[in-house]
Amino acid sequence: MLVAAQPDISPMAALHQNQQLRLKALDLVKALFEQVRVVQQHRAATNGALAGNPFFESKTRLLAREVNARFKELERELNLTHELFDVQQWSDICSAWQTVHLQWRQDEVIENFELHSHLVKQMLRYIAGIGRQAEDLIQTNFQHKALSLYVFEVLPCFIELVGQIRALGTSACAMGKMDAGSEMRLKYLMAQLQKQKGKVNEQAKGLSQEALEITSSLIDALLCEPKLERLSQMVEQDLLTGGDIKTTADEIFTLSTSVIDAHFNVMNEGLRLLRLNMDKRMQAWVSR
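What you see is a predicted model; the values in this text were computed from it and never measured.

K.L.:
Give me the lowdown on the packing of aromatic side chains, citing residues and values where you can.
P.N.:
What the rule picks out here adds up to 5 aromatic pairs. For the pair Trp 90 and Tyr 126, a centre-to-centre distance of 5.9 Å together with 35° between the ring planes defines the contact as tilted. With Trp 90 in helix H3 (residues 87-103) and Tyr 126 in helix H4 (residues 109-136), this residue pair connects regions lying 36 residues apart in the sequence. We note that Trp 90, like Tyr 126, is buried.

K.L.:
An account of H3 is requested, with residue identities and associated values reported.
P.N.:
The end-to-end C-alpha separation of H3 is 24 Å, in line with the 24 Å expected for 17 residues at 1.5 Å each. Along H3, the residues that are buried comprise Trp 90, Ile 93, Cys 94, Ala 96, Trp 97 and Val 100. Buried residues of H3, viewed axially, fall in a sector of 160°; they line one side. Exposed side of H3, more than 90 degrees from the buried face: Val 87, Gln 88 and Leu 102 are the residues found there.

K.L.:
Any chance you could break down the nonpolar core for me, citing the residues and the numbers?
P.N.:
Membership of the largest hydrophobic core comes to 78 residues, with the highest contact counts inside it found for Phe 33, Trp 90, Leu 186, Val 235 and Leu 239. Counting only elements with at least two residues in this core, the list comes to helix H1 (11-50), helix H2 (54-80), H3, H4, helix H5 (142-175), helix H6 (180-205), helix H9 (225-239) and helix H10 (249-276). Tallying contributions element by element places H5 first for this core, with 16 residues. Among residues more than four places away in sequence, those in contact with Phe 33 are Leu 124, Ile 127, Val 151, Phe 152, Pro 156, Phe 264, Met 267 and Leu 271.

K.L.:
Describe the environment of Glu 114, listing the residues and the values that go with them.
P.N.:
Position of Glu 114 relative to the elements: it lies in helix H4. On the basis of relative accessible area, Glu 114 is assigned to the partly exposed category, the value being 32%. For the pair Glu 114 and Gln 164, spaced 50 residues apart in sequence, the C-alpha separation works out to 9.4 Å.

K.L.:
Let's hear about the environment of Ala 134: which residues, and what values?
P.N.:
If you trace the backbone, Ala 134 turns up in helix H4. As a C-alpha pair, Ala 134 and Ala 25 span 109 residues in sequence and 6.1 Å in three-dimensional space.

K.L.:
Give me the lowdown on the environment of Trp 104, citing residues and values where you can.
P.N.:
By secondary structure assignment, the location of Trp 104 is in the loop between H3 and H4. Sequence separation between Trp 104 and Asn 47 is 57 residues; the distance between their C-alpha atoms is 8.9 Å. Those residues in contact with Trp 104 that lie beyond four places of it in its chain are His 42, Thr 46, Ala 49, Leu 50, Glu 57, Thr 60, Thr 99 and Asn 112.

K.L.:
Now, about the side chain of Thr 170: what can you tell me, with residues and values included?
P.N.:
Within the secondary structure layout, Thr 170 lies in helix H5. Overall, the relative accessible area of 0% leaves Thr 170 in the buried class. A distance of 2.6 Å separates the side chain of Thr 170 from the backbone oxygen of Arg 166, its partner in a polar contact. When neighbours within four sequence positions are excluded, Thr 170 is seen to be in contact with Ala 44, Gly 48, Phe 56, Ala 249, Ile 252 and Phe 253.

K.L.:
Give me the pattern of salt bridges: which residues, what numbers.
P.N.:
All chains considered together, the criterion is met by 14 salt bridges. Between Arg 70 and Glu 66 there is a salt bridge, with the nearest N and O atoms lying 3.1 Å from each other. Of this pair, Arg 70 and Glu 66 are both found in helix H2, 4 residues apart, which corresponds to roughly one turn of the helix. Taking the relative accessible area as the measure of exposure, Arg 70 reaches 27% and is therefore partly exposed.

K.L.:
Kindly report on H9, identifying the contributing residues and their values.
P.N.:
Here H9 is 15 residues long and its end C-alpha atoms lie 20 Å apart, about the 21 Å a rise of 1.5 Å per residue gives. Looking at H9, one finds that the buried residues are Leu 228, Leu 231, Ser 232, Met 234, Val 235, Asp 238 and Leu 239.

Calculation criteria
Residues numbered from 1 in each chain as written. Predicted model: local features only at pLDDT ≥ 70, side-chain atom pairs only at ≥ 80, totals over all residues. Heavy atoms only, no water. Phe/Tyr/Trp six-rings, centres within 6.5 Å; stacked < 30°, edge-to-face > 60°. Helix = DSSP H or I, 4+ residues; strand = E, 2+ residues; numbered from the N terminus. Buried < 20%, exposed > 50% of the residue type's maximum accessible area, 1.4 Å probe, protein only. Expected span 1.5 Å × (residues − 1). Arc of directions from axis to C-beta. Core = buried A, V, L, I, M, F, W, Y, C linked by side-chain atoms within 4.5 Å. Contact = heavy atoms within 4.5 Å. Polar contact = N/O pair within 3.5 Å; in protein donor to acceptor, adjacent residues only side chain to side chain. Salt bridge = Lys/Arg side-chain N within 4 Å of Asp/Glu carboxyl O.

Here you go:
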């Protein structure tokens, strides 16, 4: 729980104290997003490995080491910044990772997918909570609130949707066919894809001036539209036809990762912009 500065200090000192706590929270959010990114890759790699692809088998070890190292560093940061540390939520996240990490080889593809996806959902909920609390520490305008919603909730949901498609697509392509459980889930994800993309584009319209400042990343994301369309066609016209799959696991993994990375960069740029903003009362004082 983020606690605002005590009222018995001067108003400007309180604003400064809240701003410093907010910046710590945004740094933590950035580190947590990076961890989510690696966990999402681990989901796709373990799915590919369970489907019998040796290339993804080798990737799982490297990714697991990175996730473990990041968890240790995140715990260190959380202990140093106790205001941000929800002990129970963090314990649940760590337990979920240990379950995934230690037993994935014993799972069916769809079970592995679901356990990873539950972990990602927990982490994204944790991030959104920290982000909302951080922004509540300062007074901001409508455009700033639109940017924070875009960064903490809208973009992460879209990225996770593509990440889930990547994971199920990778295992299906590795096996050369789609099992019933994965097929049902993938059909649902594809139905959600255009809806989520529409939300991303609609929310971006509210960014106004901020959007101009992240133009390069937004342009890269827009340039990914043909890749997103190609990914949709690949899934609809090959993976979900009921026949033998021609697309390779590496093809769908690489294509979906390029879409994810483009939108992840926009999210990072948005986080950077949030860091540059300050309480409008402090801004007025600085501008005098």
